[in-house]
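Descriptive analysis of the structure
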Amino acid sequence: MRIILWHIYLLLAFLPFTGRAQEIALTADYPPVVKAGEQFPISYTVNSSGGEFSAPQFGNLIKLMGPQTSYSSSTQLINGKFSQQTSYTYTYYFQADRQGKFVIAPASIRIKNKDYYSDSVRIEVVGSANAGATNRNSDQNMKVAAEKQMSGSDLYIRLLVNRTEIYQGEYLVATLKIYSKVDLSGLNEIKFPDFNGFLRENLEVPPLNSLQRENVNGVIYGTGILQQFLLSPQVSGELTIDPVEITALIQQKVGNSDPFFGDFFSSYQNVPKAISSNPVRIRVKPLPLDKPSDFSGIVGKIDLKASLSRDSANVNDALNFKITVTGTGNLKLAGKPSFKMSPDVEVYEPKITDNIKNGANGASGQKTFEYVLIPRHYGTYKIPPVTYTYFNPDSKKYESLSTKEYSFYARKVADQGGPVTVYGGVSKEDVRYLGKDIRFIESSPGNLEKPDDL
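What you are looking at is a predicted structure, and each value in this text was computed from that prediction instead of being measured.

1. Digging into the overall build of the protein chain
Looking only at helices and strands, one finds 5 helices and 31 strands in the protein chain. By the burial criterion, 34% of the 454 residues in the protein chain qualify as buried. Sequence separation of 24 or more characterises 72% of the internal contacts of the protein chain that already satisfy a separation of 6 or more. Counting only carbon and sulfur atoms, one obtains 49% of the accessible surface of the protein chain, whose full area is about 28800 Å².

2. Description of a nonpolar patch on the surface
There is a patch of nonpolar side chains on the surface, built from Ile-62, Leu-64, Met-65 and Tyr-93 and spanning about 330 Å² of accessible area. The element that contributes the greatest number of residues to the nonpolar patch is strand β5 (residues 62–78), accounting for 3 residues. The topology assignment puts Met-65 in strand β5.

3. Here's the deal with the sheet that holds strand β18 (residues 237–241)
What the 3 strands build is an open sheet, ordered β12-β21-β18; its pairing is mixed. Where the open sheet ends on each side, the last strands, each with one partner, are β12 (165–167) and β18. For this sheet, the mean inter-axis angle between neighbouring strands, taken without regard to orientation, is 35°. Strand direction decides the pairing type here: β18 and strand β21 (residues 280–285), joined by 5 bridges, are antiparallel. Note on β21: the bridge partner recorded for Thr-240 is Arg-281.

4. Some remarks on the confidence of the model for the protein chain
Caution applies to low-pLDDT regions: their predicted coordinates should not be interpreted in detail. With 76% of its residues at a pLDDT of 70 or more, the protein chain has an overall mean of 79. The model gives residues 1–20 a pLDDT under 50, and that stretch makes 11 contacts with residues more than four places away or in other chains.

5. Topic: the packing of aromatic side chains
Counted under the stated rule, the structure contains 18 aromatic pairs. When the ring of Phe-295 is compared with that of Tyr-398, the centres are 5.3 Å apart and the planes differ by 80°; the resulting orientation is edge-to-face. Taken together, the residues span a long stretch of sequence, with Phe-295 in strand β22 (residues 295–308) and Tyr-398 in strand β30 (residues 397–402) at a distance of 103 residues. Note on Phe-321 and Tyr-406: the rings are 5.7 Å apart at their centroids and 70° apart in plane angle, and the pair reads as edge-to-face. Note that Phe-321 is positioned in strand β24 (residues 319–329) and Tyr-406 in strand β31 (residues 406–411), a separation of 85 residues in sequence. Through pairs of rings, three or more aromatic residues link up here, namely Phe-40, Phe-58, Tyr-92 and Phe-94.

Cut-offs used in this document
Residues numbered from 1 in each chain as written. Predicted model: local features only at pLDDT ≥ 70, side-chain atom pairs only at ≥ 80, totals over all residues. Heavy atoms only, no water. Helix = DSSP H or I, 4+ residues; strand = E, 2+ residues; numbered from the N terminus. Buried < 20%, exposed > 50% of the residue type's maximum accessible area, 1.4 Å probe, protein only. Contact = heavy atoms within 4.5 Å. Areas by Shrake-Rupley, 256 points an atom, 1.4 Å probe, with all protein chains shown as cover. Patch = residues over 30% accessible without salt bridge, like charges linked within 9 Å, V, L, I, M, F, W, Y side chains within 5 Å. Salt bridge = Lys/Arg side-chain N within 4 Å of Asp/Glu carboxyl O. Pairing = 2+ DSSP bridges. Axes fitted to C-alpha atoms, helices over the stretch in contact; angles between N-to-C directions. pLDDT = per-residue confidence, 0-100. Phe/Tyr/Trp six-rings, centres within 6.5 Å; stacked < 30°, edge-to-face > 60°.

Here's what the structure looks like:
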């Protein structure tokens, strides 16, 4: 047995310690909102061993206990790489006896002659001190209240929008949020409306693993975001977003509490409850009627850039003319810019690419239009300034952007003496004489006769 342990010790001693030293951080964990008279913890955790911890002044909060120190350490061996993580946690227990918002200065810890600080602690205390004292002195009343039949205000959802009045084509953010004072075991079904009149894009939200405490008009709820949408109205007038419907599973206790063990051996069942949000009305303003002919369809704020791949090329060689639109707004609906070229330059339909990201502040990114230009005759050609107009909802008017003028020279190749050879078509020079040189060929087979001498 000693030989085996000694071999394990040697193996661990000589394993390559390839894990990087993690950056030392001191973090604070606390409830953002509590009731007056409620007991609550504030914990500070440092991801390093050793050090001298210094707690801040806790002000008007009543300190009940602490600090309680806990230690955790984990060791991992993955693919021959050995790593170890260590953390110390300092926990204090408090009670607030009056309402208000309290800010506690950062805590600090000194490790190897260097100080590390946590963030400030910000706690809101709601309710009256007397109500809190009543709750502290009557646990039985709290149990009775918790077992009463749930009212409609114990659990509800809301579809919150960041704006209720926008222009047609603008974006708004809609957030589906749940508010609960009961124990939930999950959500069974979510039915979203059709969002008639809107273009809808889902935004990524982190999975809802737990609810966060929040003060809602003096009442503490557990809240969480279920889904977010980016909505862009396509018609003007008053639009209504129909309710979102959800079936939530609520944990309810079955039977009475044991007089000796309390709720320890109680059983629970999941009770479905249907809830829905209120309809939301959005006033959509139409765009001004003096719409320019080169309006791109963009509602937002953009910038315009252009570039030409080179300033000279051989006849029948291709050049790339790229126009890039960058900014915020409904860039996915942006129309292609238009410009006129000499008839001796073929302009192909642009290749359109975009890199647009949706977020809580709307859609932003860029959209690129890449044109292929092929000169069919030698000479100097100009690309006139390209104008591009968008609607700016901040200034409430159309604004126009313009690129600079570009020019390039098409060189005549040395062996170009006869008709011009082209790729995938005919040259303009050949087209000019088409009516003279080529006549219509009779398509009927005609009459064939056998000669008499055969």
